[in-house]
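# Descriptive analysis of the structure
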Amino acid sequence: MTYKQEFIKFMSDSGVLTFGDFTLKSGRRAPYFINTGNYTTGAHLARLGGFYADCIKEHGIQADVLFGPAYKGIPLAVSAAVALYTKYGVDVRYCFDRKEIKDHGEGGAFVGKQPEANDRIVIIEDVMTSGKALREVMPKLTGCADVTVEAMIITVDRMEKGLTGTLSAVQEAYRDFGVKVYPIVTINDIIQAMEEGVIAGKEHLDSMRAYRAQYGVLN
């Protein structure tokens, strides 16, 4: 299997990707749900970090620092940094932001590698629904030093229109910030994996395709 197929199977086996009838935060009723809260073990994080590393290498993304937005992004950035070194011999630094700026001790808004001028930063996140996390951290990163945000890596691109426009959150990220978002897999990859029997769930294919036709963006 390709690493994308392996990742989809990993999500299914871990209970992160499930099928049925779900009401999303947006109010839409979807035939699938992605619950990243079900990544709960060291083994899960080790494998997950490996898939982030695979995605970074596949696209030739150059990074000096992996940045994990607090709080969910923290273990993701750490696991990705470890995997880049153990799988590919690439040693990068990592950091994450504080929700509240520390005014004692070493102080500052970041933990780990402090962003510096000319640093190439790659943001590590789980899923991108509205782009809220990116909008919150971009001013922090670009406001502290003359850094370049090279890319953002997420696990799944739902390829879904926003509530107020025709673009997806991934497309809006590029339009508003010039940041290219690379998913490990897309919803199209998941549908293809179902069709090819990589994971169970062929009985849900019709509803998956219908949902994609109703809410999906082209790319």
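Conventions used here
- Residues numbered from 1 in each chain as written.
- Predicted model: local features only at pLDDT ≥ 70, side-chain atom pairs only at ≥ 80, totals over all residues.
- Heavy atoms only, no water.
- UniProt positions renumbered as here; feature names shortened; annotations may be inferred.
- Helix = DSSP H or I, 4+ residues; strand = E, 2+ residues; numbered from the N terminus.
- Buried < 20%, exposed > 50% of the residue type's maximum accessible area, 1.4 Å probe, protein only.
- Contact = heavy atoms within 4.5 Å.
- Core = buried A, V, L, I, M, F, W, Y, C linked by side-chain atoms within 4.5 Å.
- Phe/Tyr/Trp six-rings, centres within 6.5 Å; stacked < 30°, edge-to-face > 60°.
- Lys NZ or Arg CZ within 6 Å of the ring centre and 35° of its normal.
- Pairing = 2+ DSSP bridges.
- Axes fitted to C-alpha atoms, helices over the stretch in contact; angles between N-to-C directions.
- Parallel < 35°, antiparallel > 145°, perpendicular 65-115°, else oblique.
- Left-handed = near helix turned anticlockwise from the far one by under 90°.
- Nonpolar A, V, L, I, M, F, W, Y, C, P; charged D, E, K, R; others polar.
- Expected span 1.5 Å × (residues − 1).

## Brief notes about the UniProt feature "binding site: orotate" (unreviewed entry) in the protein chain
Mapped onto this numbering, the UniProt entry annotates "binding site: orotate" (unreviewed entry) at T129 and R158. Sequence-wise these annotated residues cover 30 residues; spatially they are packed, their C-alpha atoms never more than 8.1 Å apart. Mapped onto the elements, T129 comes out in the loop between β6 (120-124) and α4 (132-144). Accessibility expressed as a relative area gives 67% for T129, which makes it exposed. When you line up the elements, R158 lands in the loop between β7 (148-157) and α5 (169-177). Judged by relative accessible area, which is 16%, R158 ranks as buried. Those residues in contact with R158, other than ones at most four positions away along the chain, are L24, A30, Y32, I187 and Y211.

## Notes on the nonpolar core
Judged by nonpolar contacts, the single largest core of 50 residues is most densely connected at F7, M11, L17, L66, I124, I153 and I190. Excluding anything up to four places from it in sequence, I190 contacts I8, M11, L17, F19, V156, V185 and M208. Counting residues in each nonpolar core, the second largest holds 21 residues, with F67, M128, L134 and I154 among its members.

## Concerning the packing of aromatic side chains
Applying the stated criterion across every chain, the model contains eight aromatic pairs. Ring centres of Y211 and Y215 lie 4.8 Å apart, and the angle between their planes is 55°; on these two criteria the pair is classed as tilted. One end of the pair is Y211 and the other is Y215, both in helix α7 (residues 205-215) and four residues apart, which spans about a single turn. For the pair Y211 and Y215, a shared accessibility class is recorded, and that class is buried. An aromatic cluster of three or more residues is present, and its members are F7, F10, Y39 and F51. For the cation-ring pair, K180 lies above Y182, with the distance from its terminal atom to the ring centre recorded as 5.9 Å.

## A word on the pairing of strand β3 (residues 65-68)
Of the two faces of β3, the one lined by V65 and F67 and the one lined by L66 and G68 are each fully buried. Taken together, the three bridges between β3 and β6 define a ladder with parallel strand orientation. For F67, the partnering residue across the bridge sits in β6 and is I123.

## Regarding the packing of helix α2 (residues 42-58) against helix α3 (residues 73-88)
Packing of α2 against α3 leaves a shortest axis separation of 7 Å and a crossing angle of 70°. One way to sum up the angle between α2 and α3 is to call them roughly perpendicular. In the crossing of α2 with α3, the sense of the turn from one axis to the other is right-handed. Every residue of α3 that contacts α2 at L45, L48, G49, G50, Y52, A53, D54, I56 and K57 is listed here: P75, L76, S79, A80, A83, L84, K87 and Y88. The residue makeup of the contact of α2 with α3, split by class, is eleven nonpolar, three polar and three charged.

## Observations concerning α2
Between the first and last C-alpha of α2 there are 24 Å, a value that for 17 residues agrees with the 24 Å anticipated at 1.5 Å per step. Residues H44, L48, G49, G50, F51, Y52, A53, D54, C55 and I56 constitute the buried set of α2. Where the residues of α2 are buried, they touch α1 (3-13), β3, α3, β6, β7 and β8 (181-186).

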